[in-house]
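# Examination of the molecular architecture
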Amino acid sequence: MHLDALFGSFDNFLSYTTGGLVFGAIYALVALGYTMVYGVLQLINFAHSEVFMFGTFGMAWTFYFLHGSEPVTWSLGRAAPMLLASLVVAMAVSAGIALLLERVAYRPLINKNAPKLIALISAIGASFALAEAMGLRDRFASWVGLDDDLANYVSPEKARDVYSNPVTIQPHNLFDVGGYSITDVDLVVVLAAILMMVALDQFVRRTRFGRGIRATAQDPESAALMGVNSTRVVQMTFLIGGLMAGVAATLYMMKIGSTRQNAGFILGVKAFTAAVMGGIGNLRGALLGGLILGVMENWGSAVFGPNWKDVTAFVLLVLILLVRPSGLLGEALGKARA
Amino acid sequence: MSTSTQPPVGTWRNPLRAVGSWWDGVVDGYARQPLPVKALVVAVAIALAYALPLLRPPILTTNSIDFGGVMFRVAAFALIALGLNIVIGYAGLLDLGYVGFYAVGAYTTAVLTVYHGSWPFFLALPVAVVVTMISGVLLGAPTLRVRGDYLAIVTLGFGEIIRITVKNVGWLGSSAGIKDIPHPNNIGPDPVLPYDKGGLFAIPRLEWNGFTPSLDHDHATRFLIFGALDAVPYYWLILTALILVVIGDRLIKNSRVGRAWEATREDEDAAELMGVPTFKYKLMAFALGAAIGGLSGSFYASGQGGYISPDSFPLLLSMLFVAAVIVGGSGNRWGAIAGGAIVAYLPERFRDFADYRLLVFGLALTVLAVWRPEGLLPPRRARRAKQAEAEIEALEDGELEETTHG
């Protein structure tokens, strides 16, 4: 135990907190995908981590396409136009994968009214298949004889290894909070995440589609009788989850700079933990859960050592669930009022 | 939703469904047999199961990896699936961290037999089972009050906590793991190398040349030597444990406890109202399931390799265990065993596809789930319910036709 590391000085405390908030924002965005699907279908969308993972690749691919493979270091401002383009691509890729997932792994089961658990298995299978497909992309490229043309995108000798963005984004310090320098990248990550959350929250609360989603979450049968197209609502839910995962993927790549075919798994587990912590099915809960999780695990790694970071996160989850069995804010996609 | 627009079951238009209904017919046919016939079938199946690694049937046998070792893995998975089936299938609790119990069993055995003690395996085994059971109670007591889907994530966290803990605690071998875990004690004279291979007697195995078998005396299995070369004795040991657990499982499922589990799973509030102490029974299922997972872990630790490390217990393994139970048919012990066997066997059999095997496995899992949502061997109760539903639907459709004609 190194309580000093965290509480020894107020500066340390602040720096761990702000560092945690940045990751928490990314967790929160991914958590949205879990929470939306759970709110509407009461299903754990296990393959959502792969939706995120594909987004990170979409982001890196865009940079390879627009910039080439030459490694450079740019400031955030210099990279901004490409970042915007990559954001669009990552969102499109993630949303596409999410829709594919809904069509292949979920819709047949929903139509059959299958037990919930089997949808989990179908999602686990899809998650394996997606992660492996990404890890084997060099083989697929060579099947169609494009491995030379696509070398940058499939990286033949290391399709399963770390895949880095050729453009390293150099953060610039804006101001210091405690000992931690808040960089422009951190600020963009947190602000973008919060902006997306607010936009989504308003979308679900105010638009016609949002009303449909809430109605289906509350009572699927009555909603269908009232003319809500439930298939469309489910599709929409996956689409939104995918778009948010795409944003999260872009922010993640801005901050970390590299990804790999199994990058989604642990992050997905964390994001799901965040969703449960805040109250699954609750959009604002996802934001709160994500931020708390990010901060707390950073504190945990300060006090107990970095190896115990994940343990802190899970123990915290258990403790919160014991005190508040349905999460911090309760589970309520359907109960949100317009 | 009416199914009358879909092609009738069993036509060439839907071969997958045809295979499914043929399989249901086989299961029904077995269920209709009188008791002696059933007993005969079971006895033959058990004998075949024991003989399988020696018979080495063509097609089924794995070429690129020792078949005995694969069979051990298959049996270990079947045992785990059986234990998890109590938790998921009987009591309806989704446990995504079952690998944690597997690890607790394995590590208890390793610590007792080599790392901090030198107990013989058969003494460490029951202790490992008890320790795992206690860990199940410790995890279950606070968390089982949490509702279903939350339990999934809490248990998932538990699996990770166990793995990270053993990785970071020197007393448990850290990330290097524990090696040289002693094998189970030999039965019969010990081998005196290089000439006397020990054991009471030797059983030769079959060697297949195409489809013509011949006896292979060079790779005979010594009865009963737990060495580093031959995995078959380990397989027999765990298969015996599996059969004993199946018997125990059968007894408890048909008892008051089994009925309480069923009631709790179907409607917890109603069960509680009828005076079933649901929490107590859920905890019991959790602990029993944990104990069986620990049993399998203990066998794994002292298996042929005699080595465990935190990397032997990744979170993904938990997913595979759950997949095994669900694919086989949650709530049916034979389904769970079949599911465990399939999940362990397929990736090994298709090792020739090497890099593609996980991809194929993932796709197979999704296809299986979509094709047979109720699992390969659904419990009889679920099938009866489905049948009744189909009958009612047929009746309704019939009525509809009559009214339109009349």
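Residues numbered from 1 in each chain as written. Chains lettered and ligands numbered in written order. Predicted model: local features only at pLDDT ≥ 70, side-chain atom pairs only at ≥ 80, totals over all residues.

### Remarks on the overall build of chain A
Check the secondary structure of chain A and you find 14 helices and six strands. Counting only C-alpha atoms, chain A reaches 60 × 55 × 35 Å along its principal axes. (Helix = DSSP H or I, 4+ residues; strand = E, 2+ residues; numbered from the N terminus.)

### Section: the overall build of chain B
Along chain B, the regular secondary structure elements total 14 helices and two strands. Burial statistics for chain B: of 406 residues in total, 44% are counted as buried. A sequence separation of at least 24 residues applies to 73% of the contacts in chain B between residues at least 6 apart. (Buried ≥ 20, exposed ≤ 12 C-beta atoms within 10 Å, placed from the backbone. Contact = placed C-beta atoms within 7 Å.)

### Observations concerning the environment of Gly331(B)
All names here are of chain B. Looking at where Gly331 falls in the secondary structure, it is placed in the loop between helix H11 (315-328) and helix H12 (333-349). For the pair Gly331 and Ile86, spaced 245 residues apart in sequence, the C-alpha separation works out to 7.5 Å. Beyond its immediate chain neighbours, meaning those up to four positions away, Gly331 contacts Gly89, Tyr90, Pro379 and Ala382.

### Observations regarding the interface of chain B and chain A
Taken together, the contact pairs 35 residues of chain B with 33 residues of chain A. At twelve residues, the largest contribution of residues to the side of chain B that touches chain A is made by helix H6 (residues 148-168) of chain B. For the side of chain B that touches chain A, a count of residues per class yields 23 nonpolar, seven polar and five charged. (Nonpolar A, V, L, I, M, F, W, Y, C, P; charged D, E, K, R; others polar.)

### So, the UniProt feature "transmembrane region" (unreviewed entry) in chain A
Here the UniProt-annotated "transmembrane region" (unreviewed entry) positions come out as residues 20-44, 51-67, 79-101, 113-131, 236-257 and 311-333 of chain A. What you have in residues 113-131 of chain A is 84% helix and 0% strand, and the ends, taken at the C-alpha atoms, are 27 Å apart. (UniProt positions renumbered as here; feature names shortened; annotations may be inferred.)

### Things to note about unusual backbone geometry
Phi angles above zero are rare outside glycine, and Gln42(A) is one such case at about 55°. Of note, Gln42(A) is situated in the loop between helix H2 (10-41) and helix H3 (48-67).

### Quick look at helix H14 (residues 309-323) of chain A
Because the α-helix completes a turn every 3.6 residues, residues three or four places apart line up on one side. With 15 residues, H14(A) extends 22 Å between its outermost C-alpha atoms, agreeing within 8% with the 21 Å of an ideal straight helix rising 1.5 Å per residue. Regarding H14(A), the residues found buried are Asp310(A), Val311(A), Thr312(A), Ala313(A), Phe314(A), Leu317(A), Ile320(A) and Leu321(A). (Expected span 1.5 Å × (residues − 1).)

### Section: the packing of helix H3 (residues 67-90) of chain B against helix H7 (residues 232-253) of chain B
All names here are of chain B. Viewed as axis vectors pointing N to C, H3 and H7 meet at an angle of 20°, and their least axial separation amounts to 8 Å. Here H3 lies roughly parallel to H7, going by the angle between them. Between H3 and H7 lies a crossing whose hand is left-handed. Contacts from Gly68, Met71, Phe72, Ala75, Ala76, Ala78, Leu79, Leu82 and Tyr90 in H3 reach Val232, Tyr234, Tyr235, Ile238, Leu239, Ala241, Leu242, Val245, Val246, Asp249 and Lys253 in H7. The residue inventory of the contact of H3 with H7, partitioned by class, reads 17 nonpolar, one polar and two charged. (Axes fitted to C-alpha atoms, helices over the stretch in contact; angles between N-to-C directions. Parallel < 35°, antiparallel > 145°, perpendicular 65-115°, else oblique. Left-handed = near helix turned anticlockwise from the far one by under 90°.)

### A few points about the environment of Ala285(B)
Residue and element names in this part refer to chain B. Topologically, Ala285 is positioned in helix H10 (residues 278-301). The exposure class assigned to Ala285 is buried, which follows from the 29 C-beta atoms found within 10 Å. Note: C-alpha distance between Ala285 and Val370 (85 residues apart in sequence) is 29 Å. Excluding anything up to four places from it in sequence, Ala285 contacts Ile86, Val87, Tyr90, Ala91, Leu93 and Trp261.

### Overview of the packing of H7(B) against H10(B)
Residues and elements named next belong to chain B. Packing of H7 against H10 brings their axes to within 11 Å, and their N-to-C directions diverge by 170°. As judged from the angle between their axes, H7 and H10 are roughly antiparallel. Contacts between H7 and H10 involve Leu237, Ile238, Ala241 and Val245 on the former and, on the latter, Ile292, Leu295 and Phe299.

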